[in-house]
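# Reading the structure
Each chain, letter by letter, is given below.
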Amino acid sequence: MAGRRGKNKNEYYFDYTLLFIILFLVAFGLVMIYSASSYSAETEIGNAMYFLLHQGGAAALGLVAMFIVSKIPYHFWERFAVLGYVVSIVMIVLVLSPLGIERNGARRWLNLGVSVQPAEIAKLAMILFLASMICKMGRSVRSTKAFFMILGAAGLVCVLVWQITDNMSSAIIIFGIAFLMLFVASPDYKRFVLIGAAGVSLAALLVFLISKASTTEGMNFRSVRILAWLNPELYASGTGFQTLQALYAIGSGGIFGKGLGQSIQKLGYLPEEQNDMIFAVICEELGLFGAIAVILIFVLMIWRFMVIANNAPDLFGALLVVGVMGHIAIQVILNIAVVTNTIPNTGISLPFISYGGSSVMFLLIEMGLVMSVARKIRLKDV
């Protein structure tokens, strides 16, 4: 796992295990995107490799960016933390301008010569900004004022992402990143327990009230999604259709799956099969064995993040890694929970595996930041 450059204990560490995991997930993602999307791409676009080629190009650019970022000392980016925060807000607001792009009824992208999703930029910018902000506050971060100041800075971006781009899942992830980074930086866990308990209680109350409604008339689409989550069969022709098709795919895969490329649900039955629902295709083609293997790969990645964060040279480096770890962990948990109908359906991709150029590029840049922190760890400290 560590670089072998002799026995000099003053040499620096390189995490080959993390690098292998990243490359494996990117390659596996490309294979699964082609497997999941080839039928729909051929029938709708006329090119079975359309999604694969687009994702491959974004992944290649992302890997180059990861390599470059990993070579730059991570403290270099600290000076751009505030600028990145402001730019992310501006880009979210620009979605309302003529530069905004609407797809599948959602306006979440910007046309900047290439399609860019501001929410992905906001996740990276938030990690940098909060790491810098917490380090500058020092011990005062433990105060109630500083605590809510940091949550307020994150909350502003969350509200903008939610209301302007109508992307609640990304807003939840950004808030989760901020919550985890604060949790690591603050020794007082009582407020986190109280906020967590209040959030769960409020969500449970909301679900209870919606479930008791006598009619769906006047409900927004998120409330209907909650009803479809509770009883998808009653909404099989509408809101519950995607969830049911995903569950059919998971159930039909069995232990070892039908075989790579042999999914039936991807043949026009499962919407967003190459994107939000790609985990269902994995379950159908590779079975429970393949699904558990993918989950274990992500667990191994998170473990490597923890090793790097624990041995980081300073708090700023540790918080950067914790922020990236939170991003990956929250997104993986939410995606799998949605696909298995553990939580209500909300559009969220599986990191490195789902189709999405902006997502894979900025995830790989985040990996570059983590590897930059790892490079500053001395072998004697590992």
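This one's a predicted model, so the numbers in the text were calculated from it and none came from an experiment.

The next subject is the overall build of the protein chain. Each helix and strand in the protein chain was counted, giving twelve helices and three strands. Taken against the 2.2 N^0.38 rule, which gives 21 Å for 382 residues, the C-alpha radius of gyration of the protein chain at 21 Å falls within 12% of a compact globule. Overall size of the protein chain, expressed as C-alpha extent along the three principal axes, is 60 × 45 × 45 Å. Looking at the protein chain as a whole, 50% of its 382 residues qualify as buried. In the protein chain, 69% of the contacts between residues at least 6 apart in sequence involve partners at least 24 apart. If you sum the accessible surface of the protein chain, you get close to 17,700 Å²; carbon and sulfur atoms cover 67% of it.

Grouped together as the largest cluster of nonpolar side chains are 109 residues, with contacts concentrated most on Met301, Phe305, Ile328, Phe352 and Ile353. Residues in contact with Phe352, not counting those within four places in the same chain, are Leu25, Val26, Gly29, Phe298, Met301, Ile328, Leu363, Leu364 and Met367.

What follows is about the packing of helix 1 (residues 16-44) against helix 10 (residues 278-310). Two numbers describe a pair of packed helices, the interaxial angle and the distance between the axes. It is at 10 Å that the axes of helix 1 and helix 10 come closest, and there the two elements cross at 160 degrees. It follows from the interaxial angle that helix 1 and helix 10 lie roughly antiparallel. Where helix 1 crosses over helix 10, the two elements pack in a sense that is left-handed. Across the contact of helix 1 with helix 10, the residue classes tally to 20 nonpolar, two polar and two charged.

For the structure shown, the criterion picks out four salt bridges. With a shortest N-O distance of 3.0 Å, Glu284 and Lys258 are connected by a salt bridge. Here Glu284, found in helix 10, pairs with Lys258, found in the loop between helix 9 (241-253) and helix 10; they are 26 residues apart in sequence, far enough to count as distant. Owing to a relative accessible area of 1%, Glu284 belongs among the buried residues under this scheme. Residue classification places Lys258 among the partly exposed residues on the basis of a relative accessible area of 36%.

Our focus in this paragraph is helix 3 (residues 81-93). Compared with the 18 Å implied by 1.5 Å per residue over 13 residues, the 19 Å span of helix 3 between its first and last C-alpha is a close match. For helix 3, every residue scored as buried is listed here: Ala81, Tyr85, Ser88, Ile89, Met91 and Ile92. Each buried residue of helix 3 lies within a common arc of 165 degrees when the element is viewed along its axis, so the set occupies one face.

Right, let's talk about unusual backbone geometry for a bit. With phi around 55 degrees, Asp166 is a residue other than glycine that occupies positive phi space. By secondary structure assignment, the location of Asp166 is in the loop between helix 5 (144-164) and helix 6 (168-185).

Here the focus is the confidence of the model for the protein chain. Of the residues in the protein chain, 94% have a pLDDT of 70 or more, and the chain-wide mean is 88. Across residues 1-7, where pLDDT falls below 50, the model places 17 contacts with residues more than four positions away in sequence or in other chains.

Take the packing of aromatic side chains next. Across all of its chains, the model carries 17 aromatic pairs by this definition. Between the aromatic rings of Phe24 and Phe28, the centroid separation amounts to 5.9 Å while the plane-to-plane angle is 10 degrees, which identifies the pairing as stacked. Placement of the pair is Phe24 and Phe28 together in helix 1, with a separation of four residues, close to one helical turn. The exposure class assigned to Phe24 is partly exposed, which follows from its relative accessible area of 35%. Of the residues examined, Phe28 reaches a relative accessible area of 14% and is grouped as buried. Plain terms: the ring middles of Phe147 and Phe192 are 5.3 Å apart, the flat faces sit at 85 degrees to each other, and that makes the pair edge-to-face. With a gap of 45 residues between them, Phe147 in helix 5 and Phe192 in helix 7 (residues 190-211) connect regions that are remote in the sequence. Side by side, Phe147 and Phe192 carry an identical accessibility label, which is buried. Connected via pairs of aromatic rings, a cluster forms that spans Phe147, Phe148, Phe175, Phe179, Phe183, Tyr189 and Phe192. In this arrangement the basic side chain of Arg304 is found over the ring face of Trp303, its NZ or CZ atom lying 4.5 Å from the centre.

Reading guide: rules and limits
- Residues numbered from 1 in each chain as written.
- Predicted model: local features only at pLDDT ≥ 70, side-chain atom pairs only at ≥ 80, totals over all residues.
- Heavy atoms only, no water.
- Helix = DSSP H or I, 4+ residues; strand = E, 2+ residues; numbered from the N terminus.
- Rg over C-alpha atoms; globule rule 2.2 N^0.38 Å.
- Buried < 20%, exposed > 50% of the residue type's maximum accessible area, 1.4 Å probe, protein only.
- Contact = heavy atoms within 4.5 Å.
- Areas by Shrake-Rupley, 256 points an atom, 1.4 Å probe, with all protein chains shown as cover.
- Core = buried A, V, L, I, M, F, W, Y, C linked by side-chain atoms within 4.5 Å.
- Axes fitted to C-alpha atoms, helices over the stretch in contact; angles between N-to-C directions.
- Parallel < 35°, antiparallel > 145°, perpendicular 65-115°, else oblique.
- Left-handed = near helix turned anticlockwise from the far one by under 90°.
- Nonpolar A, V, L, I, M, F, W, Y, C, P; charged D, E, K, R; others polar.
- Salt bridge = Lys/Arg side-chain N within 4 Å of Asp/Glu carboxyl O.
- Expected span 1.5 Å × (residues − 1).
- Arc of directions from axis to C-beta.
- pLDDT = per-residue confidence, 0-100.
- Phe/Tyr/Trp six-rings, centres within 6.5 Å; stacked < 30°, edge-to-face > 60°.
- Lys NZ or Arg CZ within 6 Å of the ring centre and 35° of its normal.

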